[in-house]
Amino acid sequence: GVRQCGTAMAGGRIFIQSDWARALWENEREAWVSCKIPGAATLYGSIKCQGLGKDGIPVVTASEGFVVTEVTKKSILISCPNGNAASKFLVPYAIFSRIHTKSITSMDISSGGGLGVSCSTDGTMRVWQANTGELRRELVGHVFDVNTCRFFPSGIVVLSGGMDAQLKIWSVEDGNCSVTLNGHKGGILDTAIVDRGRNIISSSRDGTARLWDCGMSTCLAVLADCGTPINGCSISEAENTLNLGSPQHQPSEREIGTEGKLLLLAREDKKLQGIGLLSREPVSAIYCLLPMKFFILNVVIVGI
């Protein structure tokens, strides 16, 4: 139930109690906050509601180390000066608590905004109505946990990856799995869709990132073999100034939309690795203080 806008300052990352709005306005009138700072101890604190102001807006104060910068009826802005971080948290307009019974590991919303898909450690993957939370489909077929799920651009097809090392493509209309992709030797940790979805990318605990042809159900290429789990992957159009390299071999005619794309890999060994999607050539490797799991999508790499 927590939505967080991008941090206003680079540095640490602020977290807040998942039901903070309900806790502040309705229940104990207090919620916890924390700030994870790379290379330093995590800071812990709390925010408290002191009542309503003359304008009807709650008056909220923070414990030592945190500052409540702005409060509205729909959001709260909290900063942590020592962590050089600030985040705005939005009040959810709806909470769906009956879709899953345990932690949600991945979710996505269709391009039209009408449907949501999510997977959970309770072993389920479900499609639901985004405005009501009403269950539409249960997608059954993976063995063990499903780690990632996302819609194709059409909004009626879902891509999933699980600890069974399989990628699956599902029809939202009838819940059938039309394609299963095998090739990884470890659990799938993330996926990315190239353009309209004729090709997809997967990253795995086996240390590889692979390019797939959905229509032929085949692996077109091993894009990287890192020797360490690849926790996340993302693709983006590259800046014209970025040299993505040239392919050493003629790409397959089944490879669509890879030209001019930068592939980013978030690795367990604390590296954020860039690869030219068409050339397969490394572009950059950035060391981080912690194992990479998530990264900002709007990345500009300069000086390479």
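Residues numbered from 1 in each chain as written. Predicted model: local features only at pLDDT ≥ 70, side-chain atom pairs only at ≥ 80, totals over all residues. Heavy atoms only, no water.

### What to know about the pattern of salt bridges
Under the counting rule described, the total for this entry stands at eight salt bridges. Measuring nitrogen to oxygen at the nearest pair gives 3.5 Å for the salt bridge that ties K88 to E70. Remark: E70 occurs in strand β6 (residues 67–71) and K88 occurs in strand β8 (residues 85–90); sequence separation between them is 18 residues. For E70, a relative accessible area of 35% translates into the label partly exposed. (Salt bridge = Lys/Arg side-chain N within 4 Å of Asp/Glu carboxyl O. Helix = DSSP H or I, 4+ residues; strand = E, 2+ residues; numbered from the N terminus. Buried < 20%, exposed > 50% of the residue type's maximum accessible area, 1.4 Å probe, protein only.)

### A short note on the environment of I78
Within the secondary structure, I78 is located in strand β7 (residues 75–80). A residue is classified by how much of its surface remains accessible, and I78, at 0% relative accessible area, is buried. Once the C-alpha coordinates of I78 and V67 are considered, the two residues, eleven residues apart in sequence, prove to be 5.7 Å apart. Not counting residues up to four positions away in its chain, the partners in contact with I78 are I14, I16, V33, I47, F66, V67, A85, A86, S87 and F89. (Contact = heavy atoms within 4.5 Å.)

### Quick notes on the sheet that holds strand β17 (residues 188–194)
For sheets, the rule is that strands pair by backbone hydrogen bonds, running either parallel or antiparallel. The strand order β17-β18-β19-β20 describes an open sheet built from four strands, whose pairing is antiparallel. In this open sheet, the two edge strands, each paired with only one partner strand, are β17 and β20 (218–225). Across the sheet, the mean angle separating the axes of adjacent strands is 20° when strand polarity is ignored. In this sheet, strand β18 (residues 199–204) lies alongside β17 in antiparallel orientation, the contact comprising six bridges. Bridge assignment links I188 to a residue of β18, and that residue is S204. (Pairing = 2+ DSSP bridges. Axes fitted to C-alpha atoms, helices over the stretch in contact; angles between N-to-C directions.)

### Describing the confidence of the model for the protein chain
Per-residue confidence for the protein chain gives a mean pLDDT of 88; residues scoring 70 or more make up 89%. Confidence drops under a pLDDT of 50 for residues 1–10, and excluding neighbours within four residues, the segment shows 28 contacts in the predicted structure. Below a pLDDT of 50 lies the segment residues 294–304, which in the model reaches 16 contacts outside its immediate sequence neighbourhood of four places, other chains included. (pLDDT = per-residue confidence, 0-100.)

### Here we look at the pairing of strand β3 (residues 30–36)
The two faces of a sheet get side chains in turn, since along a regular strand they alternate between them. Direction of pairing for strand β2 (residues 13–16) relative to β3: antiparallel, over a ladder of four bridges. Bridge pairing in β3 links F15 to S34. Across six bridges, the pairing between β3 and strand β4 (residues 43–52) is antiparallel. Each residue of the ladder has a partner; that of W32, found in β4, is S46. Between the end of β3 and the start of β4, which pair antiparallel, lie six residues, with G39 showing a positive phi angle near 80°.

### Topic: the sheet that holds strand β12 (residues 135–138)
An order of β9-β10-β11-β12 is seen for the four strands of this open sheet, with the pairing classed as antiparallel. Looking at the sheet topology across the chains shown, the edges are occupied by β9 (104–109) and β12. Averaged over neighbouring strand pairs, the angle between their axes works out to 20° when direction is ignored. Relative to strand β10 (residues 115–120), β9 runs antiparallel, the two sharing five bridges.

### Here we look at the side chain of S171
Mapped onto the secondary structure, S171 falls in strand β15 (residues 167–171). Separated by 3.3 Å, the side chain of S171 and the backbone nitrogen of E173 make a polar contact. Apart from the residues lying within four places of it in its own chain, the contact partners of S171 are I156 and N176. (Polar contact = N/O pair within 3.5 Å; in protein donor to acceptor, adjacent residues only side chain to side chain.)

### Considerations on the pairing of strand β14 (residues 157–162)
Most of β14 sits inside the fold, with five of its six residues counted as buried. By the bridge criterion, five bridges tie strand β13 (residues 146–151) to β14 in an arrangement that is antiparallel. For C149, the partnering residue across the bridge sits in β14 and is S160. Hairpin connection between β13 and β14: a loop of five residues separates the two successive antiparallel strands, and G155 in this loop has a positive phi of roughly 80°. Two strands pair when backbone bridges link them, and β14 and β15 are joined in this way by five bridges, in the antiparallel orientation. By the bridge assignment, L159 is partnered in β15 with I169. The turn linking β14 back onto β15 is made up of four residues, and A165 within it adopts a positive phi angle of 65°.

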